[in-house]
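The residues making up each chain are set out below.
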Amino acid sequence: MAMKIRLARGGSKKRPFYRIVAADSRMPRDGRFIEKLGTYNPLLAKDSEDRVKMDIERIQHWIAQGAQPTDRVARMLEAAGVTPKTERNNPNKGTPGKKAQARVEEKAAKKAALEEAANAPAEEAAAEE
């Protein structure tokens, strides 16, 4: 049985509230789970103590049994200091799109033209002397 430690959504429309649960990976997101391990309320402030509550001992027990945390839960565990931080790298995510790159090139060309125009009279004055 492939176990996951994941979020199960609760709460009403546009008012999310999540339970951190240990569940079989084949079960639906909000469906059957084996054990409730904590809660996550994204509507609270990021520095609030009640935003993320976890039963660390039980989570460590499930990880020892082979349960894999999902990406979001893994980040919460890293923030809590339960698991070591992993290096993430997605260089394509931060690169600007084609239009933004074209605007940057256009702006650089205009700046170079202005500097060249400003330097031209100074060079002519120096040549006359």
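All figures in this text were calculated on a predicted structure; none of them were measured in a lab.

A. Geometry of the overall build of the protein chain. When helices and strands are tallied, the protein chain shows 4 helices and 5 strands. Its helices and strands taken in sequence order, the protein chain reads β-β-β-β-α-β-α-α-α from the N to the C terminus. Whereas a compact globule of 129 residues would reach a radius of gyration of roughly 14 Å, the protein chain reaches 27 Å, over 25% beyond that. The dimensions of the protein chain, computed from C-alpha atoms along their principal axes, are 90 × 35 × 30 Å. For the protein chain, buried positions account for 22% of its 129 residues. Restricting to contacts in the protein chain with at least 6 residues of sequence separation, those with at least 24 account for 31%. When the accessible surface of the protein chain is summed, it comes to about 10000 Å², and 50% of that surface belongs to carbon and sulfur atoms. Counting 26 positive and 19 negative side-chain charges, the protein chain places the centres of these two groups 16 Å from one another.

B. Geometry of the pairing of strand 1 (residues 3-10). Burial of strand 1 is extensive: 6 of the 8 residues sit out of reach of the surface. Alignment of strand 1 against strand 2 (residues 17-24), held across 8 bridges, turns out to be antiparallel. The residue bridging Arg9 from the neighbouring strand is Tyr18, located in strand 2. The hairpin formed by strand 1 and strand 2 contains 6 residues between the paired strands, and Gly11 there has a positive phi angle of roughly 85 degrees. Note that strand 1 and strand 5 (residues 68-69) share 2 bridges and pair parallel. The partner of Lys4 across the bridge, within strand 5, is Gln68.

C. Broad picture of the pattern of salt bridges. Following the criterion strictly, the structure yields 5 salt bridges and no others. A salt bridge links Arg26 to Asp24, with the nearest nitrogen and oxygen atoms 2.8 Å apart. Asp24 gets classed as buried once you look at its relative accessible area, which sits at 7%. For the salt bridge of Asp50 with Lys53, the shortest nitrogen-to-oxygen distance reads 3.5 Å.

Each value, and the rule that gives it
- Residue numbers here run from 1 along each chain, matching the order of that chain's written sequence.
- In keeping with the predicted nature of the model, local features appear solely for residues at pLDDT of at least 70, side-chain atom pairs appear and are counted solely at 80 or more, and the whole-chain, interface and lining totals rest on all residues.
- The basis for every side-chain value is the complete set of non-hydrogen atoms in the structure, without hydrogens or water.
- Every helix listed is a DSSP run of H or I at least four residues long, and every strand listed is a run of E at least two residues long, numbered separately from the N terminus.
- What the globule rule says is 2.2 Å times the number of residues to the power 0.38, and the radius of gyration is computed from C-alpha atoms.
- With a 1.4 Å probe rolled over the protein chains alone, any residue whose accessible area is under 20% of its type maximum counts as buried; one over 50% counts as exposed, and the rest are partly exposed.
- Contacts are assigned to residue pairs that have any heavy atoms within 4.5 Å of one another.
- Accessible surface is estimated by sampling points in the Shrake-Rupley manner with a 1.4 Å probe; for residues, cover comes only from the protein chains shown.
- Residues scored as charged are limited to Lys and Arg (positive) and Asp and Glu (negative), so that His and the chain ends carry no count.
- A single reference atom marks each charge: NZ on Lys, CZ on Arg, CG on Asp, CD on Glu.
- Two strands qualify as a pair provided DSSP detects at least 2 bridges between them.
- We count a salt bridge whenever a side-chain nitrogen from Lys or Arg sits within 4 Å of a carboxyl oxygen from Asp or Glu.

It is worth stressing that arrangement in space is one thing and function is another; only the former is reported here.
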